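Residues per chain, in single letters:
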Amino acid sequence: MHSTTPWWRSAVIYQVYIRSFADGNGDGVGDIAGLRSRLPYLEQLGVDALWINPWYKSPMADGGYDVADFREVDPLFGTVTDAEQLIAEAHRHGIRIIPDIVPNHTSDQHTWFQAALAAGPGSPERERYIFRPGRGPDGAEPPNDWVSCFGGPAWTRLPDGEWYLHLYAPEQPDLNWQHPDVHADFESILRFWFSRGVDGFRIDVAHGLVKDPELPDLPPLLDSADGPRHHIQHPHWDRDEVHAIYRTWRKVADEFEGDRCFVAEAWADTPERLAAYVRPGGLHTAFNFDFLMASWDAKDLRAVIDDSLAMLHAVGAPATWVLSNHDVMRHTSRYARKTVARWVPNERYQPEGNVDLELGTRRARAAALLMLALPGGAYLYQGDELGLPEVEDLPESVLQDPIWERSGHTDHGRDGCRVPLPWSGQSAPFGFSPENAPAEPWLPQPANWGERSVEAQTGDESSMLELYRTALRIRRENPALGDGTMTWLDAPSGVLSFRRDPGFVCVVNLSTEPYRLPDHTSILLASGPVTSGLLAPHQAAWLAA
Ligand code: GLC
């Protein structure tokens, strides 16, 4: 199918959070060996590619997003040779590999930052990062009022008096993208991995690389909670100058045979701003976080779908759809709140209300069918296919996300969506580690996760896993799905109904009343039982029509 268009326009890409996917060496942490052993599972699931979170050498201050050496694999995960073998083996299973690249910052243990520390103020070594004197008497105040995404100021002062910028943890100093060395090194890193066979890269914090050279204080916030969304000229997010970097990267990707591709993690104020990343000559695709942040509401979702498709089609790029990732509360748990809280852009999601996982699961099943029927590509986060909820009751003593410390213990952070996967058996580690070395997983799994394991769900037609397997099989076989266009069909408020040609209709009932399915020749798949042609609330169906 879809053989005339590049694969990434329609791909279903499965996100492997490597620390938590599968442990091959029995140390309780996922690794490349574990991932290799599970490639048959991923092939059977029916995904086209894997996005793998950073596997590079790292002190793990931010789960590997603090990279000390981009040309080494961290021993926790394996070696460069293991990575090469994984790439070759995945290709044999028909699965492409997309590692993460982290260009906004390095680890404080990176040789460049260590050299900058040793060389002292005013040295050329410091110019590769963003060092500045402080403000106020004795320079004791940070150079500006920027804040770290993990809480607290975005600046740390060194004993020699200078401050350095880190939009994330202090262990993640921001690189200076005004410096030619930074450009040259990243182009060389891309070539290093492209020549080892990777099919693309997910670009971490793609919207953050370029800072206003004046480093001004933050602009006043516009209240965009209601009404049209505005773009705020920001001193360090989504600046126009960032696109020149990606035009160069595109040329690097195009040097290699095959359809290599980029996907940007770019948080943009408006769909127009997001589309700018994927203009011709720029990146191939970008995550569409508006879809992930939309509440379980037909009007909101339809508006997001329409705006995204309009803006992306205008620049000739495919849409991508995503419901969960390693940074946000899992959608089964987001949807488990009766009213899904409004997500304040640029803020972490704060859930409200009691958790009803039965409701969350019904909605998650329907959402999967909605997402996989929309035009373009889709991202699944490991465990989506098992219907895993967020683990909201992790003991504070085990939390590892830097957000927990940096927020002064007010925000539990992202560990709840990063708990190691349950594969089989009735007790921890549920097959996460090898049977002969059942190590304690790096985050504890809930005691009842045996019922959600791959083993428990396999062959159970009512399970989330079998729903995903069937949906992905139909998606591969049906020429109407993947890249292309869609047409909305008339439906009452609270119901989304659209057609994909040839001959495919998707209906999602987000209302509280049953909905009579439109004319069809057969039901290809439904997220729950359909009786007398009625689609129950929080259910979706795929129809041949
Ligand atoms: C991205 C990653 C997140 C990481 C941050 C800093 O947002 O997805 O996990 O903490 O960048 O690299």
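Up top is the structure these notes are about.
Residues numbered from 1 in each chain as written. Predicted model: local features only at pLDDT ≥ 70, side-chain atom pairs only at ≥ 80, totals over all residues. Heavy atoms only, no water.

**Q** Whenever I open this one, the overall build of the protein confuses me. Can you help?
**A** The helix and strand inventory of the protein stands at 14 helices and 20 strands. Relative to the compact-globule value of 24 Å for 545 residues, the protein shows a C-alpha radius of gyration of 23 Å, a close match. Buried residues in the protein amount to 60% of all 545 residues. Side chains of the protein carry 47 positive and 77 negative charges; the gap between the two charge centres is 4 Å. (Helix = DSSP H or I, 4+ residues; strand = E, 2+ residues; numbered from the N terminus. Rg over C-alpha atoms; globule rule 2.2 N^0.38 Å. Buried < 20%, exposed > 50% of the residue type's maximum accessible area, 1.4 Å probe, protein only. Lys, Arg positive; Asp, Glu negative; His and termini not counted. Charge placed at Lys NZ, Arg CZ, Asp CG, Glu CD.)

**Q** Would you mind going over the packing of aromatic side chains with me for this structure?
**A** Any two aromatic rings considered together are summarised by their centre-to-centre distance and by the angle between their planes. Taken as a whole, this structure holds 33 aromatic pairs when the rule is applied. When the ring of Phe-21 is compared with that of Trp-423, the centres are 5.2 Å apart and the planes differ by 90°; the resulting orientation is edge-to-face. Note that Phe-21 is positioned in the loop between β1 (12–16) and α1 (32–37) and Trp-423 in the loop between α12 (402–406) and α13 (454–457), a separation of 402 residues in sequence. For the pair Phe-21 and Trp-423, one class covers both residues: buried. (Phe/Tyr/Trp six-rings, centres within 6.5 Å; stacked < 30°, edge-to-face > 60°.)

**Q** Can you walk me through the environment of Ile-95 in this structure?
**A** Following the sequence through the fold, Ile-95 ends up in the loop between α3 (80–92) and β5 (96–101). Residues Ile-95 and Tyr-14 lie 81 residues apart in sequence; the distance between their C-alpha atoms is 9.9 Å. The residues touching Ile-95, leaving out its near neighbours within four places in the chain, are Leu-39, Leu-42, Glu-43, Val-47, Asp-48, Ala-49, Leu-50 and Ala-90. (Contact = heavy atoms within 4.5 Å.)

**Q** Help me out: how do you make sense of the pairing of strand β9 (residues 200–203) in this one?
**A** Every other side chain in a regular strand lies on the same face of the sheet, so the side chains alternate between the two faces. On β9, burial covers both faces: Gly-200 and Arg-202 on one face and Phe-201 and Ile-203 on the other are all buried. As defined by bridge partners, β5 adjoins β9 across 2 bridges and the pair is classed as parallel. Paired with Asp-100 across the bridge in β9 is Arg-202. Pairing of β9 with strand β10 (residues 261–264), which is carried by 4 bridges, proceeds in the parallel orientation. Residue pairing across strands places Arg-202 opposite Val-263, the latter belonging to β10. (Pairing = 2+ DSSP bridges.)

**Q** Looking at this structure, I do not really get the side chain of Glu-390. What am I missing?
**A** Relative to the helices and strands, Glu-390 is located in the loop between β13 (377–381) and α12. No salt bridge is formed by the buried Glu-390; the nearest opposite charge belongs to Arg-330, separated by 5.4 Å. A distance of 2.9 Å separates a polar side-chain atom of Glu-390 from the backbone nitrogen of Arg-330. Beyond its immediate chain neighbours, meaning those up to four positions away, Glu-390 contacts Val-328, Met-329, Arg-330, Ser-333, Gly-416 and Cys-417. (Salt bridge = Lys/Arg side-chain N within 4 Å of Asp/Glu carboxyl O. Polar contact = N/O pair within 3.5 Å; in protein donor to acceptor, adjacent residues only side chain to side chain.)

**Q** Would you take a moment to explain the packing of helix α5 (residues 180–194) against helix α6 (residues 242–254) for this structure?
**A** Relative placement of two packed helices is described by the angle separating their axes and the distance separating the axes. Across the interface, α5 lies against α6 with an axial gap of 10 Å and an inter-helix angle of 30°. Relative to α6, α5 is oriented roughly parallel. The element α5 and its partner α6 pack so that their crossing is right-handed. Only Ile-245, Thr-248, Trp-249, Val-252 and Ala-253 of α6 make contact with α5, whose side of the interface consists of His-183, Phe-186, Glu-187, Leu-190, Arg-191 and Phe-194. Split by residue class, the contact of α5 with α6 holds 7 nonpolar, 2 polar and 2 charged. (Axes fitted to C-alpha atoms, helices over the stretch in contact; angles between N-to-C directions. Parallel < 35°, antiparallel > 145°, perpendicular 65-115°, else oblique. Left-handed = near helix turned anticlockwise from the far one by under 90°. Nonpolar A, V, L, I, M, F, W, Y, C, P; charged D, E, K, R; others polar.)

**Q** Got a minute to help me understand the environment of Ala-364 in this structure?
**A** Tracing the backbone shows Ala-364 in helix α11 (residues 357–373). Placed 289 residues apart in sequence, Ala-364 and Pro-75 show a C-alpha to C-alpha distance of 36 Å. Leaving out residues up to four positions away in the same chain, Ala-364 has contacts with His-331, Thr-332, Tyr-335 and Met-464.

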